[in-house]
Amino acid sequence: MTLPGSDEIIEDLSFFDDWEQRYQYIIDLGKSLSPMTPEDKTEERLVRGCQSSVWLKSTVQGEHLHFDVESDAIIVNGLLALVMAAYQDKSPAQILAFDIDGYFQALDLERHISPTRGNGLRAIVGTIRNLASQPRQ
Amino acid sequence: MSLDLNGLRAQFPILSRQVDGKPLVYLDNAATTQKPQAVIDALVNFYTQCNANVHRGAHALSDEATRRYEQARDVVADFIRAGSRQEVIWTSGTTEAINIVANGMAQRLQPGDEVLVTEMEHHANLVTWQQACLRSGAQLKVAPILDSGELDVDAFNALLSPQTRFVALPHVSNALGTVNPIQSLTASAKAAGALVLIDGAQGIAHGQVDVQAIGCDFYAFSGHKLFGPTGIGVLWGRQTILEDWPVWQTGGEMIAKVSYECATWGTLPNRLEAGTPNIAGAIGMAAAISWFMSLDVAAVQAHEKALLASATEQAQAFEGLKIIGTAKDKIGVLSFVLDGSHPADVGFILDRQGVAIRTGDHCAQPLMRRLNVPGTARASFSIYNSLDEVDVLFKALKKAQSMLA
Ligand SMILES: Cc1ncc(COP(=O)(O)O)c(C=O)c1O
């Protein structure tokens, strides 16, 4: 399964009325992320949350930024897939323009991206936005 | 007398709220306990009736606030059977209490000295001693645990020597629920000539703590894990030791005489309590203790035992679940992992069902490494939990297991 776009995800999730289906969908989205290679999962790329950890590798591909991400927790992987639907292979300007908080609000998942959650997601979003705001050579 | 659980629960307003449309099942009591109305009332009453600074004002409110604040100290002294009220030092919590002792000790330790802790420490009782050793050149020794999560008492005793100046250990492990035989461990440590601190953060909420009977030199605990407010806690220490303990913070309240060149310190307990204290917190903590002491301790303890027994029995019967920490003497905590599932995912799915637990390393990273787990899911029980709630936990776990498969 390839990752749907963020609009499509908002629409998909709005069809479910029970939380189990919503989380099952998110878990399945997470499974569509390609796993990172063990060599790529270095200490420097590790964002340690107090409950789960996330690895993030970024590469510049022409005008776009490409990310490899993985968490040791499957629901966090699902949430990462939601983030990737917004940021993957986008230009820095597109990334900076995207309203990530509004997006998570629309998904009714803002609790999970709040700074207080120890899942590393907020830190990942911060890192990606930092990368996007750095001037390119 | 048996426990009127419904009556008890009714005293905790928060227990009737819902989370995501489901009744809250609060099983994160080792992190912090909920507060009974009596404590909430004490806080509201203080701020509505007699808020003033203590020990300073020349007016009625200040007198009243000071009286209530100092009475709160008496309540704590009684509760833990302190030798005197001077032995009760208000702190912001267990962490600050341990820091006062570790900082003082760092000034007295020398290269060649040893400090002994255990493999089941909370970071509050580990990093503090590690840093005190780094500053003083003393060596940190760590007494190992067995796979069951019990302290290896023989190894602990073998690590005691004339070099052992200080021993710090938990009354009850927050991550595993292991109850340590603190009385006999303290006796061995004292026989070796060491000072002994018991981290009572988890031990305090489960019944009578008698610091004289334990025989330790320091006992540290937090109000918020004992049905009281956050931001208040206690360092109990022997008067003869605290009398000349290196001061921790300097400033108002703790001095006797001040000139531009020097200052002399006041007497206990004030010498270790710089600045305006957490007055409402102290009063709230005393209200919590008075409330707790009004319960039938034997009934409360029997109920807590029944909760953990039911949880343990259901956990043992649960396919794919592994209990982390199987000490014979355990209280309040069921730590576990589900085969093939990350604890964070388990916590997540439980949360959606209104069941609040904690997942992660429980501020005990070296312990998690020792047990070879990335973390655990931890359900921790308090006196107001019901056996029905234990059943809800396991129903919710079944769902988590099927969703995460
Ligand atoms: C065993 C133990 N020690 C120390 C602490 C620290 O307590 P506080 O954060 O209230 O200072 C805790 C709290 O989680 C604990 O469980």
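Conventions adopted
Residues numbered from 1 in each chain as written. Chains lettered and ligands numbered in written order. Predicted model: local features only at pLDDT ≥ 70, side-chain atom pairs only at ≥ 80, totals over all residues. Heavy atoms only, no water. Pairing = 2+ DSSP bridges. Helix = DSSP H or I, 4+ residues; strand = E, 2+ residues; numbered from the N terminus. Near = heavy atom within 4 Å. Polar contact = N/O pair within 3.5 Å; in protein donor to acceptor, adjacent residues only side chain to side chain. Nonpolar A, V, L, I, M, F, W, Y, C, P; charged D, E, K, R; others polar. Domains from an automatic or database assignment. Contact = heavy atoms within 4.5 Å. Buried area = accessible area lost by both parts, 1.4 Å probe. Salt bridge = Lys/Arg side-chain N within 4 Å of Asp/Glu carboxyl O. Axes fitted to C-alpha atoms, helices over the stretch in contact; angles between N-to-C directions. Expected span 1.5 Å × (residues − 1). Buried < 20%, exposed > 50% of the residue type's maximum accessible area, 1.4 Å probe, protein only. Core = buried A, V, L, I, M, F, W, Y, C linked by side-chain atoms within 4.5 Å.

**As for the pairing of strand β11 (residues 255-258) of chain B**
- The pairing of β11(B) with strand β12 (residues 263-265) of chain B spans 3 bridges and is antiparallel. Its bridge partner being in β12(B), Ile255(B) is matched across the sheet by Trp265(B).

**Considering the site of the ligand**
All names here are of chain B.
- As a structural note, the neighbourhood of the ligand is formed by Thr94, Thr95, His122, Ala124, Asn174, Asp199, Ala201, Gln202, Ser222, His224 and Lys225.
- Within the side chain of threonine 95, one N or O atom sits 2.6 Å away from an oxygen atom of the ligand.
- Here an oxygen atom of the ligand sits 2.6 Å away from a polar atom, N or O, in the side chain of lysine 225.
- Broken down by class, the residue content of the shell around the ligand amounts to 2 nonpolar, 7 polar and 2 charged.

**A short note on the pairing of strand β2 (residues 53-61) of chain A**
Residue and element names in this part refer to chain A.
- As paired strands, strand β1 (residues 46-48) and β2 are joined by 3 bridges and run antiparallel to one another. The residue of β2 that forms the bridge with valine 47 is valine 54.
- Bridge count for β2 against strand β3 (residues 64-71) is 8 bridges, and the pairing is antiparallel. When the sheet's bridge partners are listed, serine 58 is paired in β3 with phenylalanine 67.

**Structural notes on the domain arrangement of chain B**
All names here are of chain B.
- When cut into domains, chain B gives domain 1 (5-31 + 296-400) and domain 2 (41-293).
- Between domain 1 and domain 2, the residue contacts involve 33 residues of the former and 28 residues of the latter.
- A buried area of about 2500 Å², summed over both sides, lies between domain 1 and domain 2, and 56% of it is on carbon and sulfur atoms.
- Between domain 1 and domain 2 we count 3 salt bridges in total.
- Across the salt bridge formed by arginine 370 and aspartate 147, the nearest N and O atoms sit 2.9 Å from each other.
- Linking domain 1 with domain 2 are 20 residue pairs in polar contact (both at pLDDT 80 or more).
- Among the elements of the structure, α11 (297-317), β14 (333-338) and α13 (365-371) are those that each provide at least two residues to the side of domain 1 that touches domain 2.
- For the side of domain 1 that touches domain 2, the per-class residue count stands at 18 nonpolar, 9 polar and 6 charged.

**With respect to the sheet that holds β1(A)**
All names here are of chain A.
- Spatially, 3 strands are ordered β1-β2-β3 in an open sheet, and the strand pairing comes out antiparallel. The sheet is open, and its two borders are formed by β1 and β3, each paired with just one other strand. Each strand of the sheet is rotated relative to its neighbour by a mean of 25°, with strand direction disregarded.
- Contacts from helix α3 (residues 74-87) reach β2 and β3 within the one sheet, and its direction differs from that of β3 by about 175°.
- Set on the sheet, helix α6 (residues 121-133) makes contact with β1, β2 and β3; between it and β2 the angle comes to about 15°.

**Regarding α3(A)**
Residue and element names in this part refer to chain A.
- In a regular helix each residue adds 1.5 Å, so 14 residues correspond to 20 Å; α3 covers 19 Å between its end C-alpha atoms and thus fits that length.
- Judged by how many residues are buried, α3 sits mostly within the fold: 13 of 14 residues are covered.
- The first or second residue beyond α3 is aspartate 89, which carries a positive phi of 55°.

**Overview of the nonpolar core**
Residue and element names in this part refer to chain B.
- Ranked by internal contacts, the top residues of the largest apolar core, which has 75 residues, are Ile80 and Tyr219.
- For this core, the element with the highest residue contribution is helix α10 (residues 279-293), accounting for 11 residues.
- Both domain 1 (5-31 + 296-400) and domain 2 (41-293) contribute no fewer than three residues apiece to this core.
- Setting aside its immediate chain neighbours within four residues, isoleucine 80 contacts Ile204, Val209, Asp210, Val211, Phe221 and Trp236.

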